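Descriptive structure summary
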Number of protein chains: 2
Amino acid sequence: MEHTKYVHGYSEREALRLNDQADTLEDIIHNDTVFKSGSLVLEAGCGVGAQTKIIAEKNPDSNFISIDISKESIHEAQQLIKRLSIRNVVFRQANLYKLPFQNETFDNVIVCFVLEHLHNPAVALNELKRVLKNDGIMIVIEGDHGSTFFYPDSREAHSAIDCQIQVQKEIGGNSNIGRELYPLFKSVGFSDIVVSPRTVYVDTSKPQLVEGFIKNTFTAMIEGVGEKAIRHGLIDRMTFEKGIKDLYRTTEPDGVFIYTFFKGFGTKK
Amino acid sequence: MEHTKYVHGYSEREALRLNDQADTLEDIIHNDTVFKSGSLVLEAGCGVGAQTKIIAEKNPDSNFISIDISKESIHEAQQLIKRLSIRNVVFRQANLYKLPFQNETFDNVIVCFVLEHLHNPAVALNELKRVLKNDGIMIVIEGDHGSTFFYPDSREAHSAIDCQIQVQKEIGGNSNIGRELYPLFKSVGFSDIVVSPRTVYVDTSKPQLVEGFIKNTFTAMIEGVGEKAIRHGLIDRMTFEKGIKDLYRTTEPDGVFIYTFFKGFGTKK
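Keep in mind that what you see is a predicted model, and the values were worked out from it rather than measured.

Examining the overall build of chain A
In terms of helices and strands, chain A carries 10 helices and 8 strands. Over its C-alpha atoms chain A spans a radius of gyration of 20 Å, differing by no more than 12% from the 18 Å that the globule rule assigns to 269 residues. Taken over the C-alpha atoms alone, chain A extends approximately 60 × 55 × 40 Å along its principal axes. Sorting the 269 residues of chain A into buried and exposed places 56% on the buried side. Considering only intrachain contacts with a sequence separation of at least 6, the fraction spanning at least 24 residues in chain A is 79%. Put simply, chain A shows about 11,700 Å² of open surface, and 50% of that area lies on carbon and sulfur atoms. With 31 positive and 36 negative side-chain charges, chain A shows a separation of 5 Å between the mean positions of the two kinds.

Right under this line is the structure:
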């Protein structure tokens, strides 16, 4: 046996450590959303500020410019940030494809749950890269609905999820874009690309994620697409309703639910 | 803003840290397979010793008794361990359902990639629990073929993977058992159950996993079930071959492949 192999092992062996699982989405997705002190960061597609509040609080010595195409969303985000007394964010209505900023303005750019909605994510990434400084780092976080699986398994639940994927596709988006982050970053010419999966694993020992993620985030989203999917003939009502019932079934004491987000880092060189 | 919230954040903010992704399966699965010095550990279903060599080298101050139902596998495992000059493992041919050990013999029990092959995983777990000491920790590691997704996506590749799942089911096993670890541990009455996903994410930046995992482990396994699946009428030859081709397609420069293992810890109380 090579003795050097155990240098790390010996210190670990004091106790059988249980894996320290993150219990909130915020931990899983934003644990390493950390910018250098004094950074100027563009958050593109901030929506109503759900991620803005997390990343701005997590980086109080950075300054954020958060943009969105929707005036209404910007207004809501502004109210939220004001209510929380967060002072390092400036909002601006702007189009991702045509940013109102000079070349090489920002130290970092961050995009959360936005590319999935775009017709041309690579074009948008390219425009975002334009306003990023040289050696600046871009962060992209996206979900991937095709990553979903659960116990007990259910054909109908998968069919209901597929409806969401299909409807998103019909309107020009891509619900499975998470798995594509690496090729996307590459196609736009980023360097030092690192993509990692952020798997959300939920069983009954995590009641907060059972309520907050399985029920109120994921299943509510799938439910919301039902009428449209039925109207478009993507699924019949009985199958859809059984699918939703089976998704809720995964929140019972023996149920398990797994979903994977992806986070990509790329450097402009 | 609550200032206390940033205690951890401040130290992190020195640099934008890239996520430190494990590059080998061993890191992902066994990073925390660590036993207290002097532990007596039962490895149940050691096969030809592929995991034995990793966990025995990682825990040189523990002693392992590794069992398998197959005399031939035990013989191969013995040769391997001897060749590596590992001295803390004793092998024994034995039946998982009827262990030749007294109650409360072992400090720990570990089971890797075994439950997926069993008709009655809960019965086996219960027998393994019998020989575990009180306060002893059981570790179970299993894959889940239903967790597989990739870019570019392919219907045929999913159909080929489903063949493996179907064939495993026909012979009484369960290729999707990873997601069931939590309810399984619970049904057998373990305490302090912690299950975590171990997601293997592979893109071209990880050539070792492209070769070692996508090609030589996963796709080779699916390919191996082809003739049987075609013979049993589960799939036609053209679809299967297209599926395999599409799995290899994920190893090209823009390809991405994701698979999730699960690791469960449970304490006997």
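Notes on the environment of G233 of chain B
Residues and elements named next belong to chain B. By the secondary structure assignment, G233 is in the loop between α9 (226-231) and α10 (237-249). A relative accessible area of 59% means that G233 is categorised as exposed. Between the alpha carbons of G233 and C163 there is a distance of 9.8 Å; along the sequence they are 70 residues apart.

Focus: the packing of aromatic side chains
Residue and element names in this part refer to chain A. Across all of its chains, the model carries 26 aromatic pairs over all chains by this definition. Centre to centre, the rings of F185 and F190 are 5.3 Å apart; their planes meet at 70°, and the pair counts as edge-to-face. Since its relative accessible area comes to 0%, F185 is described here as buried. Since its relative accessible area comes to 6%, F190 is described here as buried.

Side note on the pairing of strand β4 (residues 106-112) of chain A
Residue and element names in this part refer to chain A. A large share of β4 lies buried, amounting to 6 of its 7 residues. As paired elements, strand β1 (residues 40-44) and β4 share 3 bridges and run parallel to each other. For V41, the partnering residue across the bridge sits in β4 and is N108. For β4 and strand β5 (residues 132-142), the ladder comprises 6 bridges, and the chain directions are parallel. Bridged to N108 within β5 is I137. The parallel pair β4 and β5 is bridged by helix α5 (residues 121-130), and the resulting crossover is right-handed.

Looking at the pattern of salt bridges
What the rule picks out here adds up to 28 salt bridges over all chains. When the shortest N-O distance is used, the salt bridge between D144 of chain A and R179 of chain A registers 2.8 Å. Pair noted here: D144 of chain A is in the loop between β5 and β6 (149-151) and R179 of chain A is in the loop between α6 (155-170) and α7 (181-187), with a separation of 35 residues, a long-range link. Assigned by exposure class, D144 of chain A and R179 of chain A land together as buried. A salt bridge links D192 of chain B to K269 of chain B; its shortest N-O distance comes to 2.7 Å. Here D192 of chain B is found in strand β7 (residues 191-203), whereas its partner K269 of chain B is found in the segment after β8 (256-267), with 77 residues between them in sequence. By relative accessible area, which is 61% here, K269 of chain B ends up exposed. Through salt bridges that share partners, R155, E156, K242 and D246 of chain A make up one connected network.

Focus: the side chain of T52 of chain B
Here T52 of chain B is to be found in helix α3 (residues 50-58). Excluding residues within four positions of it along the chain, T52 of chain B makes contact with E43, C46, S66, I81, V89 and F91 of chain B.

Some thoughts on α6 of chain A
Residue and element names in this part refer to chain A. Taking 1.5 Å per residue as the helical rise, α6 with its 16 residues ought to reach 22 Å, and the 22 Å between its terminal C-alpha atoms agrees with that figure. All of the buried residues in α6 are E156, A157, A160, I161, C163, Q164, I165, V167 and Q168. Buried positions along α6 lie against β6, α8 (207-224), α9 (226-231) and α10 (237-249). By the N-cap criterion, in which a side-chain oxygen at the helix start approaches the backbone nitrogen of a residue two or three places on, α6 is capped by S154, the distance to E156 being 3.3 Å. Positive backbone phi, at 90°, marks G172, one or two positions downstream of α6.

Some remarks on unusual backbone geometry
Residues and elements named next belong to chain A. Put simply, Y151 and P152 share a cis peptide bond, and its omega is -5°. Counting through the fold element by element, P152 comes out in the loop between β6 and α6. In the Ramachandran plot, S85 falls in the positive-phi region, its phi being about 60° despite a non-glycine side chain. For S85, the position within the fold is in the loop between α4 (71-83) and β3 (89-93). Owing to a relative accessible area of 30%, S85 belongs among the partly exposed residues under this scheme.

Some words on the packing of helix α8 (residues 207-224) of chain B against α10 of chain B
Residue and element names in this part refer to chain B. Relative orientation of the contacting elements α8 and α10 amounts to 170°, with a least axis distance of 10 Å. Taken together, the axes of α8 and α10 are roughly antiparallel relative to one another. Where α8 approaches α10, its residues I214, K215, F218, T219, I222 and E223 are matched on the opposing element by F240, I244, L247 and Y248. Class assignment for the residues of the contact of α8 with α10 results in 7 nonpolar, 1 polar and 2 charged.

A few points about α10 of chain A
Residues and elements named next belong to chain A. The terminal C-alpha atoms of α10 lie 18 Å apart, and with 13 residues this matches the ideal 18 Å at 1.5 Å per residue to within 8%. Buried residues of α10: T239, F240, G243, I244, D246 and L247, and no others. Burial along α10 is one-sided: seen end-on, the buried residues are contained in an arc of 160°. Counted as exposed and oriented over 90 degrees from the buried face of α10: M238 and K245.

Quick word on the side chain of Q168 of chain B
Relative to the elements of secondary structure, Q168 of chain B occurs in helix α6 (residues 155-170). Contacts of Q168 of chain B, omitting those with residues within four sequence positions, involve E116, H117, G173, N174 and S175 of chain B.

Points about the packing of α6 of chain A against α8 of chain A
Each pair of packed helices gets described by two things: the angle between the helix axes and the distance between those axes. All names here are of chain A. Relative orientation of the contacting elements α6 and α8 amounts to 70°, with a least axis distance of 9 Å. Here α6 is positioned roughly perpendicular relative to α8, judged by the angle of their axes. Contacts between α6 and α8 involve A160, I161 and Q164 on the former and, on the latter, F218, M221 and I222. Classifying every residue of the contact of α6 with α8 by side-chain character gives 5 nonpolar, 1 polar and no charged.

A few points about the environment of T267 of chain A
In this structure, T267 of chain A sits in strand β8 (residues 256-267). A relative accessible area of 10% means that T267 of chain A is categorised as buried.

Basis of the calculations
- Residues numbered from 1 in each chain as written.
- Chains lettered and ligands numbered in written order.
- Predicted model: local features only at pLDDT ≥ 70, side-chain atom pairs only at ≥ 80, totals over all residues.
- Heavy atoms only, no water.
- Helix = DSSP H or I, 4+ residues; strand = E, 2+ residues; numbered from the N terminus.
- Rg over C-alpha atoms; globule rule 2.2 N^0.38 Å.
- Buried < 20%, exposed > 50% of the residue type's maximum accessible area, 1.4 Å probe, protein only.
- Contact = heavy atoms within 4.5 Å.
- Areas by Shrake-Rupley, 256 points an atom, 1.4 Å probe, with all protein chains shown as cover.
- Lys, Arg positive; Asp, Glu negative; His and termini not counted.
- Charge placed at Lys NZ, Arg CZ, Asp CG, Glu CD.
- Phe/Tyr/Trp six-rings, centres within 6.5 Å; stacked < 30°, edge-to-face > 60°.
- Pairing = 2+ DSSP bridges.
- Right-handed = clockwise from strand over helix to strand, strands pointing away.
- Salt bridge = Lys/Arg side-chain N within 4 Å of Asp/Glu carboxyl O.
- Expected span 1.5 Å × (residues − 1).
- Polar contact = N/O pair within 3.5 Å; in protein donor to acceptor, adjacent residues only side chain to side chain.
- Axes fitted to C-alpha atoms, helices over the stretch in contact; angles between N-to-C directions.
- Parallel < 35°, antiparallel > 145°, perpendicular 65-115°, else oblique.
- Nonpolar A, V, L, I, M, F, W, Y, C, P; charged D, E, K, R; others polar.
- Arc of directions from axis to C-beta.

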